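One letter stands for each residue in the lines below.
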Amino acid sequence: MKVVTGVVGNDIHVVANRLIELSLNARGFEVFNLGVNTYLEEFFDAAVETGADVLLISSLNGEAEGWAREVKLLKSKYKTLDDIVMVIGGNLVVGTADADTIVPKYKNYGFDLVFHQVDLNTGLDTLEEYLKQRDVA
Amino acid sequence: MSLLQEEREIILSNEYVDSFDFAEVEEFVRGADKELFISHHFAQNKKMLVQPRGGFPTYKKQFALNEFFVNANVDVLPLTIDSNTRLNDYATAKKMLRLSEESEQDMLNGYPLVNHGYRTTRKMITHFNKPVSLRHGTPDARLLIETAIASGIFEIEGGPITYLLPYSKNFPLDKAFLYWKYVERVCANYSKLNLPINRESFGPLTATLVPPAITIVIQLLEMLLSLEEGVKSFSVSFSQTGSMNQDIVMGAVIKKMAKYYAKEIGCEDAVVNLVYHQWMGAFPTNKDFAESLINTSTVIAAMVGANKIITKTREEASGIPTKEANAKTVANTQYTLGILNGLPNIVDEEEEENLTLEVKAIMEAVFNDEADTLWRKVFNSIKNGTIDVPFSPHIINHNEMITIRDANKNIRIINRGGVPIPDRCFLYEKSKCDLTKDTTSIVNDIIHDIGIMQ
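The model shown is predicted, which means the values in this text are computed figures rather than measured ones.

S.K.: Please explain the overall build of chain A as it appears in this structure.
M.R.: Helix and strand counts for chain A come out as six helices and five strands. Viewed in the frame of its principal axes, chain A has a C-alpha envelope of about 35 × 30 × 30 Å. Buried residues in chain A amount to 44% of all 137 residues. Taking the intrachain contacts of chain A between residues at least 6 apart in sequence as the baseline, contacts between residues at least 24 apart amount to 77%.

Rendered as structure tokens:
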């Protein structure tokens, strides 16, 4: 299973990004890590280039929402990305807001799984479960 | 006219520079008071010098900050530069400076030195007559350094590796080496006119589980790149690791190795100082705990035998500190240093030997690179993973090395990636750790190990 991951926008917080890569590798995924400071186009280009099954975008500085708004529009320009599982996680808001308001918002932006301030392993467990269910269906 | 002078004239005929008078600046440096030179204070060797961090956008606020520091008995004043200037975006810095001057709101996270210019800034620096250290993070610092020295700032922090790998994703590393070569030459040339200008490397790097061997190798290489251009006073540095013993071992090894490699290139006449950074990782939000951490750092700096300590504040976890909090740390650190008497001499021969072997093996691999100049050898070594900095965001860095803490909180290498850590040392490092755990628990340990002080 191939995963493209990275930190979106002008966000240079690198620590969790490295840990996500380590954890995904440990779980047997083939990881293409674009690192910090990555723009949406770069994510989608990489997903096409690698034939990724999952696109896992992360954000810490809270500016993800500005980028997430453009996901649907941009993704529709790519022909081969209809089946890709879209995941976003980290700290998804500037200031504070609870998951009940954030999760539906991001789902509406085109994400299948949304993790706002969720522990890394819990998030990846949920992703694995989701992929398993999807394969059954 | 020399090539360097031609380049200087191009750099200084910038629209944001108000006519740079080379002759006048030279005259100023030649006649500058020795008190302004940190190299003079290092030579006196009376006590560990205390230097806080800090920079405000406006002249007025920077002046007020300096007044607070001087009242708190500071030894070295900092001048921290804003992020736009660090990226050579003087237009934005100019606009934000105006906005900051017109309201009470600070629109910059530091002092835009190029926009203020050397004529203005020099007034402040000569007024306080204390050594000033330039703190920035600039890959292309040519104009900034010219302006700094012309202002009376005779200590310049940074380097092509330490100001790039922790801060940037894709600024070209080879360019950074060439831009810093210019900085070294300008510092070396001005050093001939009066006391030496001190160059300081930024040892904390990413401040995230960087193993001592990597820190020391990068410190030594930036030192050599500086000395080979003629710099006569250089400070190597590192930040608190989380283990007192590891800090003491690191201090001993870096001092020995700096002397050894300076002599290897025929620069034993240069003075090499040691700078210690108080904890550079995430701070506790509890401000009293933060003060306790700061005091512990000061004790360790004394055990390490540092020549200078760079302080944090009790407000570290909550953003840019107020001048009051900043000055308070200076006063507290001076107090702690004053009461630290009769320190024991701790030597851990086994750890020193292991670290020395690691450092020498990496240095040898760098020197054996086939390139013709040192900077190219270093560039190739970073590019091919011989040097690998944990948690660097830069695309050139390999990120294959993995480190964790052992039971005593020492940082240990459990995956060496492409770094030529000798087998014997690698086995020693791993023997200190519990490696029976699966990767998921190791990742949890790493998260815990990064945040040990919180």
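Text resumes after the structure shown.
S.K.: Just to check I follow, could you spell out the sheet that holds strand E3 (residues 54–59) of chain A for this structure?
M.R.: As a general point, the strands of a sheet are linked pairwise by backbone hydrogen bonds and lie either parallel or antiparallel. Residue and element names in this part refer to chain A. Ordered in space as E2-E1-E3-E4-E5, the five strands form an open sheet in which the pairing is parallel. The outermost strands of the open sheet, each flanked by one partner alone, are strand E2 (30–33) and strand E5 (113–116). If you compare each strand with its neighbour and ignore which way they point, the axes differ by 15° on average. Across six bridges, E3 lies against strand E4 (residues 85–90) in parallel orientation. Bridge pairing in E4 links Ile57 to Ile88.

S.K.: I keep staring at the domain arrangement of chain B and nothing clicks. Help me out?
M.R.: Put simply, an interface is often sized by how much accessible area is lost when its parts join up. Residue and element names in this part refer to chain B. The domain architecture assigned to chain B consists of domain 1 (3–339) and domain 2 (355–450). Here the C-alpha centroids of domain 1 and domain 2 sit 27 Å apart. With 36 residues of domain 1 at the contact, the number on the domain 2 side is 33 residues. For the side of domain 1 that touches domain 2, the secondary structure elements donating two or more residues are helix H10 (173–191), helix H11 (212–227) and helix H12 (244–264). Here the element with the most residues in the side of domain 1 that touches domain 2 is H11; it accounts for ten residues.

S.K.: What exactly am I supposed to notice about the pairing of strand E7 (residues 271–277) of chain B here?
M.R.: Across a regular strand the side chains alternate sides, sitting on one face of the sheet and then on the other. Residue and element names in this part refer to chain B. Buried residues dominate E7, accounting for six of its seven residues. As paired strands, strand E6 (residues 233–239) and E7 are joined by seven bridges and run parallel to one another. Paired with Ser239 across the strands is His277, a residue of E7. Once the chain exits E6 it traverses H12 before rejoining the sheet at E7, and the crossover so formed is right-handed. Bridging between E7 and strand E8 (residues 308–310) involves three bridges; their strand directions are parallel. When the bridges of E8 are listed, His277 appears paired with Ile310.

S.K.: What is the right way to look at helix H14 (residues 323–339) of chain B in this model?
M.R.: Each turn of an α-helix holds 3.6 residues, which means side chains three or four residues apart point in the same direction. Between its first and last C-alpha, H14 of chain B extends 25 Å over 17 residues, near the 24 Å set by a 1.5 Å rise per residue. When we look at burial in H14 of chain B, the residues that qualify are Lys323, Ala325, Asn326, Ala327, Lys328, Thr329, Val330 and Thr333 of chain B.

S.K.: Looking at this structure, how should I read the confidence of the model for chain B?
M.R.: Low pLDDT marks stretches whose predicted atomic positions should not be read closely. Here chain B averages 96 in pLDDT, and 100% of its residues register 70 or above. Here the prediction assigns the complex a pTM of 0.94, and the interface score ipTM is 0.83.

S.K.: It is not clear to me how helix H2 (residues 40–50) of chain A should be interpreted in this structure. Could you clarify?
M.R.: Residue and element names in this part refer to chain A. Every buried residue of H2 is accounted for by Phe43, Phe44 and Ala47. Buried positions in H2, seen along its axis, are confined to an arc of 90° and lie on one side of it. Along H2, exposed side chains directed more than 90 degrees from the buried face belong to Glu41 and Glu49. Check the buried side of H2 and you find it contacts strand E1 (2–7), E3 and helix H4 (71–75). Directly beyond the C-terminal end of H2, a positive phi value near 65° is found at Gly51.

S.K.: Would you mind showing me how to read the interface of chain B and chain A here?
M.R.: Counting residues at the interface gives twelve residues for chain B, matched by twelve residues for chain A. Class assignment of the residues belonging to the side of chain B that touches chain A gives a composition of seven nonpolar, four polar and one charged.

S.K.: What should I look at first to understand the environment of Asn73 of chain B in this one?
M.R.: Residue and element names in this part refer to chain B. Looking at the element boundaries, Asn73 is found in the loop between helix H4 (59–71) and strand E2 (77–80). Looking at Asn73, the number of C-beta atoms within 10 Å reads 13, which means it is partly exposed. In the structure, Asn73 is positioned 258 residues away from Ala331 in sequence and 6.5 Å away in space, judged by C-alpha atoms. Apart from the residues lying within four places of it in its own chain, the contact partners of Asn73 are Val330, Ala331 and Gln334.

Each value, and the rule that gives it
Residues numbered from 1 in each chain as written. Chains lettered and ligands numbered in written order. Predicted model: local features only at pLDDT ≥ 70, side-chain atom pairs only at ≥ 80, totals over all residues. Helix = DSSP H or I, 4+ residues; strand = E, 2+ residues; numbered from the N terminus. Buried ≥ 20, exposed ≤ 12 C-beta atoms within 10 Å, placed from the backbone. Contact = placed C-beta atoms within 7 Å. Pairing = 2+ DSSP bridges. Axes fitted to C-alpha atoms, helices over the stretch in contact; angles between N-to-C directions. Domains from an automatic or database assignment. Right-handed = clockwise from strand over helix to strand, strands pointing away. Expected span 1.5 Å × (residues − 1). pLDDT = per-residue confidence, 0-100. Arc of directions from axis to C-beta. Nonpolar A, V, L, I, M, F, W, Y, C, P; charged D, E, K, R; others polar.

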